[in-house]
Amino acid sequence: MKKITIIMMAVLLSTATITACAGNNTPETKKETVAKKESAVEIIYFHGKQRCATCMAIENETKALVEGELAQQVKDGKVIFSVVDFSTEEGKKLATQYKVSFSSLFIVTPNGTEDLTRLAFSYARTNAEEFRNELKYKVMEVIK
């Protein structure tokens, strides 16, 4: 029984490590970011140093949606997309706030935060269109 527990723990830890991703985030000044966040929907994608194909697909498909179909909402300040590398000092602080330890996708609205990680991992790589449609629906629900 002890061996099974140890093996399961090793598998879980290695899965978390494999799914951790890396990238960059270029934040605006704090005042600008805080003012925009209070009235906007923020899509936050967290990742670590190592990146798997699914993790890269989550970022790429989210970015494609934000730069494509949601471009006007971004321009109007209604949607903000942030990519956070939680292996950096700045990223660690935000990851701690959201209790993130592996690649994750969140929508933050004035009404709260929704974790879309399961949706992202289910569809971003295997059914990108479904992923983008679901994510867009979630965003548009808030900013109608």
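Residues numbered from 1 in each chain as written. Predicted model: local features only at pLDDT ≥ 70, side-chain atom pairs only at ≥ 80, totals over all residues. Heavy atoms only, no water.

A look at the packing of helix 3 (residues 53–67) against helix 7 (residues 128–143)
Then, in step 1: Between helix 3 and helix 7, the shortest axis-to-axis distance is 10 Å and the interhelical angle comes to 55°. Taken together, helix 3 and helix 7 sit at an angle that is classed as oblique. Read as a crossing pair, helix 3 and helix 7 show a hand that is right-handed. Where helix 3 approaches helix 7, its residues I58, E61, T62 and L65 are matched on the opposing element by A128, F131, R132, L135 and K136.
Then, in step 2: A per-class count over the contact of helix 3 with helix 7 returns five nonpolar, one polar and three charged. (Axes fitted to C-alpha atoms, helices over the stretch in contact; angles between N-to-C directions. Helix = DSSP H or I, 4+ residues; strand = E, 2+ residues; numbered from the N terminus. Parallel < 35°, antiparallel > 145°, perpendicular 65-115°, else oblique. Left-handed = near helix turned anticlockwise from the far one by under 90°. Contact = heavy atoms within 4.5 Å. Nonpolar A, V, L, I, M, F, W, Y, C, P; charged D, E, K, R; others polar.)

What to know about the nonpolar core
Then, in step 1: Membership of the largest hydrophobic core comes to 22 residues, with the highest contact counts inside it found for I43, L105, I107, F131, L135 and V139.
Then, in step 2: Residue assignment for this core shows that the elements contributing at least two residues are strand 1 (41–47), helix 3, strand 2 (79–85), strand 3 (104–109), helix 6 (117–123) and helix 7.
Then, in step 3: Among the elements that line this core, the one with the most residues is helix 3, at five residues.
Then, in step 4: Apart from the residues within four sequence positions on either side, L105 is in contact with I43, I44, Y45, I58, T62, E114, D115, L116, T117, A120, F131 and L135. (Core = buried A, V, L, I, M, F, W, Y, C linked by side-chain atoms within 4.5 Å. Buried < 20%, exposed > 50% of the residue type's maximum accessible area, 1.4 Å probe, protein only.)

Brief notes about the packing of aromatic side chains
Then, in step 1: Counting across every chain of the model gives three aromatic pairs.
Then, in step 2: Relative to F106, the ring of F46 lies with its centre 5.8 Å away and its plane at 90°, an arrangement referred to as edge-to-face. With F46 in strand 1 and F106 in strand 3, this pair connects stretches of sequence that are 60 residues apart. Of the two residues, F46 and F106, neither departs from the other in class, the shared state being buried. (Phe/Tyr/Trp six-rings, centres within 6.5 Å; stacked < 30°, edge-to-face > 60°.)

No statement about biological role is implied by the geometric values presented.
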